[in-house]
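Overview (structure and organization)
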Amino acid sequence: MTAISNLELKRPIWQTAIILTLGFWLSASLVLDWVIMPSLYLSGMMSQAGFTTAGYTIFWNFNRMELLSAAVVLTGALALGKTQYHWRIGSIVLSGLLLTIAMLDTYFLTPQMCAIGVQLNLFEAAAAIPSTMNLLHGSYWLLELIKLVACGTLLNWCWREQV
């Protein structure tokens with residue numbers, strides 16, 4: 001019984017914050033990318049006139065959550081870099097990359113996709129998806145893949161206490 005009561009938290013608080021934030025962020029990204037968006041696509045919502053508005057609302061909220069998560073992870077990596085003697089410069093670089101990706105998604109890709117996809121003429125039939133939209137979707141998926149790899153790598157480093 002004394003072995004259980006002598007259990008100490010050996011991780012710095014910032015390392016725990018990074019692990020929890022990355023776990024939440026990674027799981028939320030996977031749910032959005034592999035459950036919500038495919039479900040909307042398969043249900044035919046992409047062909048509806050209101051899809052752009054609904055998509056923008058979903059991604060507006062999600063992108064703000066990503067910015068907050070990226071800020072917490074970068075702050076934690078900077079704090080650990082200042083307080084730990086065995087820190088990796090790679091963790092700060094990956095955290096900065098995650099913040100950059102979140103900012104690109106929030107302030108460039110999402111508004112551009114919304115602007116291209118919005119139907120301004122109510123009397124005109126829905127047009128085909130422009131080629132620019134496919135390019136933006138490809139850019140989004142590339143950034144998403146980089147983000148997932150960076151999140152997974154950083155989570156692995158923090159979990160193994162190699163920050």
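Quick caveat: nothing in here was measured; it's all calculated off a predicted structure.

Rules of the game
Residues numbered from 1 in each chain as written. Predicted model: local features only at pLDDT ≥ 70, side-chain atom pairs only at ≥ 80, totals over all residues. Heavy atoms only, no water. Helix = DSSP H or I, 4+ residues; strand = E, 2+ residues; numbered from the N terminus. Expected span 1.5 Å × (residues − 1). Bend = angle between axes of the 7 residues up to and from the residue. Core = buried A, V, L, I, M, F, W, Y, C linked by side-chain atoms within 4.5 Å. Buried < 20%, exposed > 50% of the residue type's maximum accessible area, 1.4 Å probe, protein only. Contact = heavy atoms within 4.5 Å. Patch = residues over 30% accessible without salt bridge, like charges linked within 9 Å, V, L, I, M, F, W, Y side chains within 5 Å. Areas by Shrake-Rupley, 256 points an atom, 1.4 Å probe, with all protein chains shown as cover. Salt bridge = Lys/Arg side-chain N within 4 Å of Asp/Glu carboxyl O. UniProt positions renumbered as here; feature names shortened; annotations may be inferred. Phe/Tyr/Trp six-rings, centres within 6.5 Å; stacked < 30°, edge-to-face > 60°.

To continue, consider helix H2 (residues 13-42). For H2, which comprises 30 residues, the first-to-last C-alpha distance of 42 Å matches the rise-based estimate of 44 Å (1.5 Å per residue) to within 8%. By the largest-angle criterion, Leu 32 marks the main kink of H2, which is about 35 degrees. Two residues or fewer past H2, Gly 44 is found with a positive phi of approximately 90 degrees.

Below, the discussion takes up the nonpolar core. Ranked by internal contacts, the top residues of the largest apolar core, which has 32 residues, are Leu 22, Trp 25, Leu 98 and Leu 154. In this structure, Leu 154 is in contact with Leu 22, Val 73, Ser 91, Leu 94, Ser 95 and Leu 98, ignoring residues within four places of it in sequence.

Another point: a nonpolar patch on the surface. Side chains of Leu 30, Val 31, Trp 34, Val 35, Ile 36 and Trp 141 sit close together on the surface and give an oily, nonpolar patch of about 570 Å² of accessible area. If you tally residues by element for the nonpolar patch, the top one is H2, at 5 residues. In this structure, Trp 141 sits in helix H5 (residues 131-159). The exposure class of Trp 141 is partly exposed, given its relative accessible area of 38%.

Here, the residues flagged by UniProt with the feature "transmembrane region" (unreviewed entry) are residues 12-37, 57-80, 92-110 and 140-159. Regarding residues 57-80, the helix share stands at 100% and the strand share at 0%, and the terminal C-alpha atoms are separated by 35 Å. Each end of residues 140-159 is marked by a C-alpha atom, and these two atoms are 28 Å apart; helix forms 100% of the span and strand 0%.

For H5, built from 29 residues, the straight-helix expectation of 42 Å at 1.5 Å per residue is met to within 8% by its first-to-last C-alpha distance of 42 Å. Taken together, the buried positions of H5 are Met 133, Leu 136, Tyr 140, Leu 143, Glu 144, Lys 147, Ala 150, Cys 151, Leu 154, Trp 157 and Cys 158. Contacts made by the buried residues of H5 are with H2, helix H3 (51-83) and helix H4 (89-117).

This part covers the packing of aromatic side chains. What characterises a pair of aromatic rings is the spacing of the ring centres plus the angle enclosed by the ring planes. Throughout the structure, instances matching the rule amount to 3 aromatic pairs. Note on Trp 34 and Trp 141: the rings are 6.1 Å apart at their centroids and 55 degrees apart in plane angle, and the pair reads as tilted. With Trp 34 in helix H2 and Trp 141 in helix H5, this residue pair connects regions lying 107 residues apart in the sequence. Measuring from ring centre to ring centre gives 5.5 Å for Tyr 140 and Trp 141, while their planes differ by 75 degrees; the resulting arrangement is edge-to-face.

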